[in-house]
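Listed below are the residues making up each chain.
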Amino acid sequence: MGRIRKALVVAAGVVALAVVPSAALATPGSGVTATILAKGTSEDGLKIRTKGRTDVVVRTITIEPGGTTGWHYHLGKLIAVVQSGTLTRTMADCSVETSTAGQSFVEPDGASHVHVGRNLGTVPVVLYVTYILPEGAPLSVDAPDPGCGS
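A short tour of the structure in this document, coming up. These numbers were taken from a predicted model, which means no experiment stands behind them. (Residues numbered from 1 in each chain as written. Predicted model: local features only at pLDDT ≥ 70, side-chain atom pairs only at ≥ 80, totals over all residues. Heavy atoms only, no water.)

Counting buried positions over the six residues of strand S4 (residues 86-91) gives five, a clear majority of the element. A loop of four residues connects S4 with strand S5 (residues 96-100), the two strands running antiparallel in sequence, and cysteine 94 in this loop sits at a positive phi of about 70 degrees. Relative to strand S7 (residues 115-118), S4 runs antiparallel, the two sharing four bridges. Paired with methionine 91 across the strands is histidine 115, a residue of S7. (Buried < 20%, exposed > 50% of the residue type's maximum accessible area, 1.4 Å probe, protein only. Helix = DSSP H or I, 4+ residues; strand = E, 2+ residues; numbered from the N terminus. Pairing = 2+ DSSP bridges.)

Let us now look at the sheet that holds strand S1 (residues 54-63). Here we have four strands laid out as an open sheet, ordered S1-S8-S3-S6, and antiparallel in their pairing. Edge positions in the open sheet fall to S1 and strand S6 (104-107), since each of these has one partner strand only. Averaged over neighbouring strand pairs, the angle between their axes works out to 20 degrees when direction is ignored. Where S1 and strand S8 (residues 125-134) come together, ten bridges link them in antiparallel fashion. Within S8, the residue paired with aspartate 55 across the bridge is leucine 133. (Axes fitted to C-alpha atoms, helices over the stretch in contact; angles between N-to-C directions.)

What follows is about the environment of threonine 54. You can see threonine 54 is positioned in strand S1. The class of threonine 54 is partly exposed, set by a relative accessible area of 30%. Sequence spacing of threonine 54 and alanine 137 is 83 residues, and the spatial spacing of their C-alpha atoms is 9.2 Å. Excluding its chain neighbours within four sequence positions, the residues that come into contact with threonine 54 are Ile132, Leu133 and Glu135. A polar side-chain atom of threonine 54 sits 3.3 Å from a polar atom in the side chain of threonine 50. A polar contact is formed between the side chain of threonine 54 and the backbone oxygen of glycine 52, at a distance of 3.1 Å. (Contact = heavy atoms within 4.5 Å. Polar contact = N/O pair within 3.5 Å; in protein donor to acceptor, adjacent residues only side chain to side chain.)

A separate point is the pattern of salt bridges. Counted according to the given criterion, the structure contains four salt bridges. The salt bridge partner of glutamate 135 is arginine 53, with a shortest N-O separation of 2.9 Å. Of the two residues, glutamate 135 is situated in the loop between S8 and strand S9 (141-142) and arginine 53 in the loop between helix H1 (2-19) and S1; the sequence distance between them amounts to 82 residues. Linked by salt bridges that have partners in common, Arg89, Glu97 and Glu107 make up one network. (Salt bridge = Lys/Arg side-chain N within 4 Å of Asp/Glu carboxyl O.)

Have a look at this one:
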């Protein structure tokens, strides 16, 4: 009977340690502030892989009602979060994708992924965009309409 009792006491101790919040062991921060600029949810998982030196650029883009980015592509991937408004993108195959506030998306790299972004709404579209580019690459490269007529 002593063995079972001892095993139960040890098991209870292990369980008690397992439920103690790990934050209790953390050191408190000091002199740090942070602001979330935008949060969006991606419908699919994210996978990012680069080769060589990589520039990471974060910027805010505002597209006024009726505004357009013009046809372009990127030499690296980008992750965008729609902070406000509705962004309508026409892709290289002439398909249309719409993203609203609170959504995020990834744009693939390369000339085969030409696209245009438009604000067809009545309020500005505000995007928070993180570019993941080869070192020294431009943020975007202008391109002709691939035949979508827009």
